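Chains, contacts and geometry: an overview
Residues per chain, in single letters:
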Amino acid sequence: MTERPFIEVRGARENNLKGVSLDIPRGQITVFTGVSGSGKSSLVFDTIAAEAQRQLNETFTAFVQGFLPHDGQPDVERIGHLNAPIIDQKRVGGGARSTVGT
């Protein structure tokens, strides 16, 4: 299997996203910036991270899945070429709006 150079997101409609489609380069640090309410967190945490976690949880046995949270599937047409998720959001100082996702 060949490694794909992009994570493909097609038709993301979580929260305030309206059919957003994009390719995110793999193997690089990617920064999402924009004005407040533009959908940055909805895209990263509610769509991409949620789908990666859901796919990872499907690899466990039914017994283990019974102990895992069931968040459902994000509202997106397709997400392809994901890896296991390592995504978190932490404050790095500053006010309540100052966060960094890793």
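Relevant structure appears above.
Rules used in this analysis
Residues numbered from 1 in each chain as written. Predicted model: local features only at pLDDT ≥ 70, side-chain atom pairs only at ≥ 80, totals over all residues. Heavy atoms only, no water. Core = buried A, V, L, I, M, F, W, Y, C linked by side-chain atoms within 4.5 Å. Buried < 20%, exposed > 50% of the residue type's maximum accessible area, 1.4 Å probe, protein only. Helix = DSSP H or I, 4+ residues; strand = E, 2+ residues; numbered from the N terminus. Contact = heavy atoms within 4.5 Å. 1 Å grid on protein atoms, 1.4 Å probe; cavity = no way out; pocket = protein on both sides within 12 Å on 5 of 7 lines; lining within 4 Å. Points joined across faces, edges and corners; volume = space filled by probe spheres on them. Nonpolar A, V, L, I, M, F, W, Y, C, P; charged D, E, K, R; others polar. Expected span 1.5 Å × (residues − 1). Bend = angle between axes of the 7 residues up to and from the residue. Pairing = 2+ DSSP bridges. Axes fitted to C-alpha atoms, helices over the stretch in contact; angles between N-to-C directions.

To continue, consider the nonpolar core. Judged by nonpolar contacts, Ile7, Val9, Ala12, Leu17, Ile24, Leu43, Ile48, Ala52, Val76, Ile79 and Leu82 together constitute the single largest core of eleven residues. Broken down by secondary-structure element, the contributors of at least two residues to this core are β1 (6–12) and α1 (40–57). In this structure Val76 touches Val9, Arg10, Gly11, Ala12, Arg13 and Thr47, once residues within four positions along its chain are discounted.

Approximately 210 Å³ is the volume attributed to the second largest pocket. Residue lining of the second largest pocket: Ala50, Gln53, Arg54, Asn57, Glu58, Gln65, Leu68, Pro69, His70, Asp71 and Gly72, and that is the complete set. It is α1 that provides the largest number of residues to the lining of the second largest pocket, a total of four residues. When its residues are assigned to classes, the lining of the second largest pocket shows three nonpolar, five polar and three charged.

We now examine unusual backbone geometry. With a phi close to 50 degrees, Asn15 is a non-glycine residue in the positive phi region. Relative to the helices and strands, Asn15 resides in the loop between β1 and β2 (20–25). In this structure, His81 takes a positive phi of about 70 degrees despite not being glycine. Owing to a relative accessible area of 27%, His81 belongs among the partly exposed residues under this scheme.

The end-to-end C-alpha distance of α1, which contains 18 residues, comes to 24 Å, matching closely the 26 Å that a straight helix rising 1.5 Å per residue would cover. If you look at α1, its biggest bend is around 30 degrees, right at Ala50. Against β1, β2, α2 (62–65) and β3 (78–80) lie the buried residues of α1.

Reading across from one edge, β2-β1-β3 is the order of the three strands in this open sheet, with antiparallel pairing throughout. Pairing within the sheet leaves two strands with one partner each, and these edge strands are β2 and β3. With strand direction ignored, the average angle separating the axes of adjacent strands in the sheet is 5 degrees. By the bridge criterion, three bridges tie β1 to β3 in an arrangement that is antiparallel. Bridge pairing in β3 links Glu8 to Gly80.

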